[in-house]
Protein chains: 2
Amino acid sequence: MSILVVGSVAYDTVETPLGRAERVLGGSASFFAVAASFFSPVNLVGVVGQDFGEAQLAAFRGRSIDLEGLERMDGKTFHWQGRYSLDLNSRDTISTDLNVFEFFEPKIPARYRDSEVVFLGNIDPVLQRRVLAQVDRPRLVACDTMNFWIHGKPAEVRETLKKVQILLINDQEARELSGEWNLVKAARAIRAMGPGALVVKKGEHGVLMFGEEGSFATPALPLELVVDPTGAGDTFAGGFLGFLASTGQEGDAALRRAVVMGSTMASFCVEAFSLDRLLTLTRPEIDARYREFERLTRFEKL
Amino acid sequence: MSILVVGSVAYDTVETPLGRAERVLGGSASFFAVAASFFSPVNLVGVVGQDFGEAQLAAFRGRSIDLEGLERMDGKTFHWQGRYSLDLNSRDTISTDLNVFEFFEPKIPARYRDSEVVFLGNIDPVLQRRVLAQVDRPRLVACDTMNFWIHGKPAEVRETLKKVQILLINDQEARELSGEWNLVKAARAIRAMGPGALVVKKGEHGVLMFGEEGSFATPALPLELVVDPTGAGDTFAGGFLGFLASTGQEGDAALRRAVVMGSTMASFCVEAFSLDRLLTLTRPEIDARYREFERLTRFEKL
């Protein structure tokens, strides 16, 4: 099944305790698309400026990523600059230059309209619904959002969530969206807003999923070297949804495997700046690391 | 196999967002002993004052807990008072009255000397070694410690660790003991100090174990109601070691099951103040919750 993703395509300038990367490829749709494309064909919707050339597009070429929906506008590409704390658990935004992204009005190419799976990346919830309205009959709609929208456009976020089956957000966002500190209570409140499944990304502490058939939890892989966490959440979403779409299944067992595959992809993402590790990745490496998660978490019954 | 535990037996006065408990039973050896006694006989070594009477001892009566090693001294029982933050993830100590615990000189009754398993709870590392010297030929020695000793008596902590097979500490303590932020690096450094296995307790984020045969990670059970986290780490240790001793096994598979059993016991501990939930617990409830961990974490292979 093909996946339509809408989100940002950006330049990132990132400082972490292990180094600095200047104007490298970033953006939620970029990480998502490359991760998902290992499993399913991706239809990318986004916008870049005139400074985004063939060198940057090379990351998407030679993969199952359709770029017809990547619009090029007059102006500069979205640029985000941030700095991570020593423990990589928090980051400060130094600057956000929206540039052409400020005027982003997603247009869905005709041949994207029959996409079976839609991922509404973290953009204005009003735009998320406009994208959805342009897709014929998606079988599955998943969505991300962030505190900026949860606080800035709460009613619009709620409206979008009514049309979403799976919401993927981090633990802090789950708390703010629901007004509940406890994640079990937060999940109940959020699932009552629309999404049948809530996937809570907790970074180095793994992932919690709350669904129709109960909860699923998986730890993150303990990594010795974390270079740059940027994009790990979007890479998780890409691995999760790309793998799920490739199975054609929708039940609890398929969702659980998808969470582990998302975690697998995210564990590669953080090993290098930008999409560098994802771009050299092979399917055998991915499958071997999925099996590392099996070894990491298995235990015998009573 | 019988387990000798040395640690504190105390009164706790605890404030959490859900209430307050005044001068209730606490102490590392108390939580450990009750949790472990569901699986294996426990030999308790500790000290209380004249204010610790039959009402308090009732918590240990009727269980497989030998109290000959619980000394009663002139003076008052150790009293700790603390207050938890709203999110229960941090706590402030309001007061620590060591009382008789300040003069604690563990004496091991003759019939404890053939204990096969020893748990050195969080006390002065010099005392931990004195206890160990009084046990004949323990098959397994496990140990806890805390930042107070890691910073205050680093050489003594190192000396004790040389005699320990399993160290159970929290993530912050693992970082401070090793001087490494990254837990994979921290585990390597700590295992080089002596313990073949390191069990890192991460509270609501679960447990990580690093051993001869690789790593094991398990999440904590997502709980809707957490009343009081006090004693959860010691309860984990009690469930872990009590269950492990009951199996008579020592390999990786047994350790993994023991981690899950420890997590199971800890998940009950936090549901009420003091040892209240542990004291009403039944083995069928324990086994049912172990199976909840199975359901929570299982996923299919690729």
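Above this note sits the structure.
Conventions and cut-offs
Residues numbered from 1 in each chain as written. Chains lettered and ligands numbered in written order. Predicted model: local features only at pLDDT ≥ 70, side-chain atom pairs only at ≥ 80, totals over all residues. Heavy atoms only, no water. Helix = DSSP H or I, 4+ residues; strand = E, 2+ residues; numbered from the N terminus. Buried < 20%, exposed > 50% of the residue type's maximum accessible area, 1.4 Å probe, protein only. Contact = heavy atoms within 4.5 Å. Areas by Shrake-Rupley, 256 points an atom, 1.4 Å probe, with all protein chains shown as cover. Lys, Arg positive; Asp, Glu negative; His and termini not counted. Charge placed at Lys NZ, Arg CZ, Asp CG, Glu CD. Buried area = accessible area lost by both parts, 1.4 Å probe. Polar contact = N/O pair within 3.5 Å; in protein donor to acceptor, adjacent residues only side chain to side chain. Phe/Tyr/Trp six-rings, centres within 6.5 Å; stacked < 30°, edge-to-face > 60°. Pairing = 2+ DSSP bridges. Axes fitted to C-alpha atoms, helices over the stretch in contact; angles between N-to-C directions. Patch = residues over 30% accessible without salt bridge, like charges linked within 9 Å, V, L, I, M, F, W, Y side chains within 5 Å. Salt bridge = Lys/Arg side-chain N within 4 Å of Asp/Glu carboxyl O. 1 Å grid on protein atoms, 1.4 Å probe; cavity = no way out; pocket = protein on both sides within 12 Å on 5 of 7 lines; lining within 4 Å. Points joined across faces, edges and corners; volume = space filled by probe spheres on them. Nonpolar A, V, L, I, M, F, W, Y, C, P; charged D, E, K, R; others polar. Least-squares fit on C-alpha atoms with pLDDT ≥ 70 in both.

1. Description of the overall build of chain A
Link 1 in the chain: For chain A, the helix and strand inventory stands at eleven helices and 14 strands.
Link 2 in the chain: Taken across its 302 residues, chain A has 61% of its residues classed as buried.
Link 3 in the chain: If you take every contact in chain A between residues at least 6 apart in sequence, the share linking residues at least 24 apart comes to 63%.
Link 4 in the chain: Entry remark: accessible area of chain A is about 11700 Å², with carbon and sulfur atoms responsible for 49%.
Link 5 in the chain: Of the side-chain charges in chain A, 34 are positive and 40 negative, and the distance between the mean point of each set is 4 Å.

2. Brief notes about the interface of chain A and chain B
Link 1 in the chain: With 41 residues of chain A in contact, the opposing surface of chain B contributes 40 residues.
Link 2 in the chain: Summing both partners gives a buried area of about 3500 Å² for chain A against chain B, and 58% of it is carried by carbon and sulfur.
Link 3 in the chain: Together, Glu224, Phe299 and Leu302 of chain A form the three largest contributors to the area buried by chain A at its contact with chain B, with a combined 23%.
Link 4 in the chain: Joining chain A to chain B, the criterion identifies 20 residue pairs in polar contact (both at pLDDT 80 or more).
Link 5 in the chain: If you list the elements that add at least two residues to the side of chain A that touches chain B, you get helix 7 (183-191), strand 13 (207-211), strand 14 (214-218), helix 9 (252-269) and helix 11 (283-297) of chain A.

3. A short note on helix 6 (residues 171-178) of chain A
Residues and elements named next belong to chain A.
Link 1 in the chain: The buried fraction of helix 6 is high, at six of eight residues.
Link 2 in the chain: Close packing links the buried residues of helix 6 with helix 4 (147-152), helix 5 (154-161), strand 11 (166-170), helix 7 and strand 12 (197-201).
Link 3 in the chain: The backbone nitrogen of glutamine 172 has a side-chain oxygen 3.1 Å away, supplied by the residue at the start of helix 6, namely asparagine 170.
Link 4 in the chain: Glycine 179 lies just past helix 6 and shows a positive phi near 75°.

4. A few points about the packing of aromatic side chains
Link 1 in the chain: Within this structure, the stated rule accounts for 18 aromatic pairs over all chains.
Link 2 in the chain: Both rings, one in tyrosine 11 of chain A and one in phenylalanine 52 of chain A, keep their centres 5.7 Å apart while their planes meet at 45°; by these two values the pair is tilted. Within this pair, whereas tyrosine 11 of chain A is found in strand 2 (residues 10-16), its partner phenylalanine 52 of chain A is found in the loop between strand 4 (42-48) and helix 2 (54-57), the two being separated by 41 residues in sequence.
Link 3 in the chain: For tyrosine 11 of chain A, a relative accessible area of 3% gives the class buried.
Link 4 in the chain: Judged by its relative accessible area of 0%, phenylalanine 52 of chain A falls in the buried class.
Link 5 in the chain: For the ring pair phenylalanine 236 of chain B and phenylalanine 240 of chain B, a centre distance of 5.9 Å and an interplane angle of 15° mean the geometry is stacked. In this pair, phenylalanine 236 of chain B and phenylalanine 240 of chain B are both assigned in helix 8 (residues 232-247), four residues apart and thus about one turn of the helix distant. Like phenylalanine 236 of chain B, the residue phenylalanine 240 of chain B is buried in the burial classification.

5. Some words on the sheet that holds strand 7 (residues 79-84) of chain A
Residue and element names in this part refer to chain A.
Link 1 in the chain: One open sheet holds the four strands; their spatial order is 3-2-7-8, and the pairing between them is mixed. Both edges of this open sheet fall to strand 3 (19-26) and strand 8 (91-97), since each of them pairs with a single strand only. For this sheet the average axis-to-axis angle between neighbouring strands, irrespective of direction, equals 15°.
Link 2 in the chain: Bridge count between strand 2 and strand 3: six bridges; the pairing is antiparallel. Paired with aspartate 12 across the two strands is valine 24, which belongs to strand 3.

6. Considering a positive patch on the surface
Link 1 in the chain: On the surface, Arg291, Arg295 and Arg298 of chain A together with Lys301 of chain B cluster together into a positively charged patch.
Link 2 in the chain: Inspection of the secondary structure assignment puts lysine 301 of chain B in the segment after helix 11 (283-297).

7. Re the environment of methionine 261 of chain A
Link 1 in the chain: Looking at where methionine 261 of chain A falls in the secondary structure, it is placed in helix 9.
Link 2 in the chain: Considering only alpha carbons, one finds methionine 261 of chain A and isoleucine 286 of chain A, 25 residues apart in sequence, at a separation of 8.3 Å.
Link 3 in the chain: Setting aside its immediate chain neighbours within four residues, methionine 261 of chain A contacts Phe39, Gly239, Phe243, Arg283, Ile286, Asp287 and Tyr290 of chain A together with Leu302 of chain B.

8. Let's talk about the layout of surface pockets
Link 1 in the chain: Volume-wise, the second largest pocket comes out at about 390 Å³.
Link 2 in the chain: Forming the boundary of the second largest pocket are 13 residues, of which Arg298 and Phe299 of chain A together with Thr297, Arg298 and Phe299 of chain B lie nearest the centre.
Link 3 in the chain: Broken down by secondary-structure element, the contributors of at least two residues to the lining of the second largest pocket are helix 11 of chain A together with helix 11 of chain B.
Link 4 in the chain: With four residues, helix 11 of chain A is the largest single contributor of residues to the lining of the second largest pocket.
Link 5 in the chain: Of the residues that constitute the lining of the second largest pocket, the class distribution is two nonpolar, two polar and nine charged.

9. Overview of empty space enclosed by the protein
Residue and element names in this part refer to chain B.
Link 1 in the chain: Counted by the stated rule, this structure contains one cavity of 30 Å³ or more.
Link 2 in the chain: The calculated volume of the largest cavity comes to roughly 30 Å³.
Link 3 in the chain: Along its surface, the largest cavity is lined by Met1, Leu140, Leu244, Ala245, Gln249 and Glu250.
Link 4 in the chain: When grouped by side-chain class, the residues that make up the lining of the largest cavity number four nonpolar, one polar and one charged.

10. Brief notes about the pattern of salt bridges
Link 1 in the chain: Enumeration according to the criterion identifies 38 salt bridges over all chains in this entry.
Link 2 in the chain: The salt bridge involving arginine 289 of chain A is made with glutamate 271 of chain A; its shortest N-O contact spans 2.9 Å. With arginine 289 of chain A in helix 11 and glutamate 271 of chain A in the loop between helix 9 and helix 10 (276-279), this residue pair connects regions lying 18 residues apart in the sequence.
Link 3 in the chain: A relative accessible area of 23% means that glutamate 271 of chain A is categorised as partly exposed.
Link 4 in the chain: Close ionic contact of arginine 20 of chain B with glutamate 22 of chain B constitutes a salt bridge, the shortest N to O distance being 2.8 Å.
Link 5 in the chain: Shared partners join several salt bridges into a network, and the residues in it are Glu15, Arg20, Glu22 and Arg83 of chain A.

11. Observations concerning the relation of the copies chain A and chain B
Link 1 in the chain: The transform that puts chain A on chain B rotates by 180° and translates by 0.0 Å along the axis, for an RMSD of 0.0 Å. Seen this way, the second copy is the image of the first under a two-fold rotation axis.
Link 2 in the chain: Comparing interface residues between copies, 98% of those in chain A also lie at the interface in chain B; the contact surface is shared.

12. A word on the sheet that holds strand 2 (residues 10-16) of chain B
All names here are of chain B.
Link 1 in the chain: The strand order across the open sheet built from four strands is 3-2-7-8, with neighbouring strands paired in mixed fashion. This sheet does not close on itself; its edge strands, each paired only once, are strand 3 (19-26) and strand 8 (91-97). Pairwise comparison of adjacent strand axes, ignoring direction, gives a mean angle of 15° for this sheet.
Link 2 in the chain: Inspection of the sheet shows strand 7 (residues 79-84) paired to strand 8 by six bridges, in the antiparallel sense. Considered in strand 8, the bridge of glutamine 81 is made with serine 95.
Link 3 in the chain: Strands strand 2 and strand 3 of the sheet are contacted by helix 1 (residues 28-36), whose axis makes an angle of about 80° with strand 3.

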